[in-house]
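# Secondary and tertiary structure notes
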Amino acid sequence: MAFISLQEVSYTYNGRKEAAVKNITLNIEEGEKIALTGLNGSGKSTLAKLILGLLKPQAGNIVLDGLPLGKYSLVKIGEKIGYVVQNPSQMLFNTSVFNEIAFGLKWKGKGKDEVFHLCKKYLEFFELWHLRDELPFNLSEGQKQLVVICAVLALQPRFLILDEPTKSIDTFRKKRLKDILQEIWRLGTGIMVISHDKEFLTAYGGRRIHMVKGEVVEDAGRYQN
C-alpha cells in the first residue's frame, strides 16, 4: 500500500474558475524521492497543501499511511510529513536560531542532550552554528531558509516536502542540501522537492512528476533537464 495515495483529487480556490488541482491520481511510496515540477501556477504548492491537510479536496480522496487524511489532525499529519514552505519567515517564531530548531524537538519530548546534539549537528552542516544565538528574523533570506530546513530535518519525519528549498541559498549550501537529502533518503525517508532549479533537480534525481494547469502530464522514472 502506498504511503500517500490521491484518487481523482480536485481543488478550486474561491473566486477562480479554473481548478488549481484537477482530477489528480497519484501513489507515493514511503521511501520515494520525487521532483515535482511545473511553471508557476501549475498547482504544485496546492498539491502539497492538499497532501498536508492544509487544504481539503473538493473532490476525490487522499489516504495517508493507510487511513483517510481526514482522520488525522494537522498535528498528527505533521508527525508523519515534514514541510518547508516557500517563504521561510512564515515558519519562524522563536527568539534565537537555536530555539527555532529546539522547539519541535522539545515538544516531541527529546532530552536536553539530544536536543543540543541535533541542533548543533544540522546547524554545523550548513555552517550556521555561529548564528545560533541570533534572532531568526535578522538573518538573510537564504539563512532563514536553511534554519527552517534544519528545524524540519531535526524532527526526522518519515516523509519530507520541500517547496523551493534552494530559492535563496548559495551554490555551496545547495550542494550541502543535496547531500543531506541524499543521505536521509538512503536511510529511508521519502522526499518530495518542489522546484524550478533544474541544476539542483538534475543532481537530486528521483521520480519526476510534472504539472501543467493543475494536472499531472508526466510521471517519469527520473528527472532529466
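Thresholds applied
Residues numbered from 1 in each chain as written. Predicted model: local features only at pLDDT ≥ 70, side-chain atom pairs only at ≥ 80, totals over all residues. Heavy atoms only, no water. 1 Å grid on protein atoms, 1.4 Å probe; cavity = no way out; pocket = protein on both sides within 12 Å on 5 of 7 lines; lining within 4 Å. Points joined across faces, edges and corners; volume = space filled by probe spheres on them. Helix = DSSP H or I, 4+ residues; strand = E, 2+ residues; numbered from the N terminus. Nonpolar A, V, L, I, M, F, W, Y, C, P; charged D, E, K, R; others polar. Patch = residues over 30% accessible without salt bridge, like charges linked within 9 Å, V, L, I, M, F, W, Y side chains within 5 Å. Areas by Shrake-Rupley, 256 points an atom, 1.4 Å probe, with all protein chains shown as cover. Salt bridge = Lys/Arg side-chain N within 4 Å of Asp/Glu carboxyl O. Buried < 20%, exposed > 50% of the residue type's maximum accessible area, 1.4 Å probe, protein only. Pairing = 2+ DSSP bridges. Axes fitted to C-alpha atoms, helices over the stretch in contact; angles between N-to-C directions. Polar contact = N/O pair within 3.5 Å; in protein donor to acceptor, adjacent residues only side chain to side chain. Contact = heavy atoms within 4.5 Å.

Taken as a whole, the largest pocket encloses approximately 820 Å³ of empty space. For the lining of the largest pocket, the secondary-structure elements that each account for two or more residues are helix H2 (74-80), strand E6 (81-84), helix H3 (97-107) and helix H5 (141-154). Looking at the lining of the largest pocket residue by residue, the class counts come to 19 nonpolar, 5 polar and 3 charged. Around the second largest pocket sit 21 residues that line it, and Asn40, Gly41, Ser42, Gly43 and Thr46 are the ones nearest its centre. When residues in the lining of the second largest pocket are grouped by element, the largest group, 4 residues, is from helix H1 (residues 44-51). Along the lines of polarity and charge, the residues of the lining of the second largest pocket split into 4 nonpolar, 9 polar and 8 charged.

A word on a nonpolar patch on the surface. Taken together, Val75, Phe93, Phe103 and Trp107 make up a surface patch of nonpolar side chains, about 460 Å² in accessible area. One can find valine 75 in helix H2. The partly exposed category is assigned to valine 75, whose relative accessible area is 45%.

Let us now look at the sheet that holds strand E3 (residues 33-37). By definition, the strands of a sheet pair up through backbone hydrogen bonds, in either a parallel or an antiparallel sense. What the 6 strands build is an open sheet, ordered E6-E7-E8-E3-E9-E10; its pairing is mixed. Of all the strands in the sheet, just E6 and strand E10 (215-220) have a single pairing partner and so form its edges. Ignoring which end each strand starts from, the neighbouring axes of this sheet average 15° apart. As paired strands, E3 and strand E8 (residues 190-194) are joined by 4 bridges and run parallel to one another. Residue lysine 33 lies in a different strand from E8, and its bridge partner there is isoleucine 191.

Here serine 195 shows up in the loop between E8 and helix H7 (198-204). Within the structure, the side chain of serine 195 is placed 2.9 Å from the backbone nitrogen of aspartate 197, a separation counted as a polar contact. Excluding anything up to four places from it in sequence, serine 195 contacts Leu36, Thr37, Glu164, Thr166 and Leu201.

By the secondary structure assignment, arginine 207 is in strand E9 (residues 207-212). Here the side chain of arginine 207 touches asparagine 27 through a polar contact of 2.9 Å, landing on its backbone oxygen.

A separate point is the pairing of strand E1 (residues 4-11). On a regular strand, one side chain projects to one face of the sheet and the next to the other, so that they alternate. Within E1, 6 of the 8 residues are buried, which leaves the element mostly enclosed by the surrounding structure. In this structure, E1 lies alongside strand E4 (residues 59-64), joined through 5 bridges in antiparallel fashion. Note on E4: the bridge partner recorded for serine 5 is valine 63.

These figures capture arrangement, not role.
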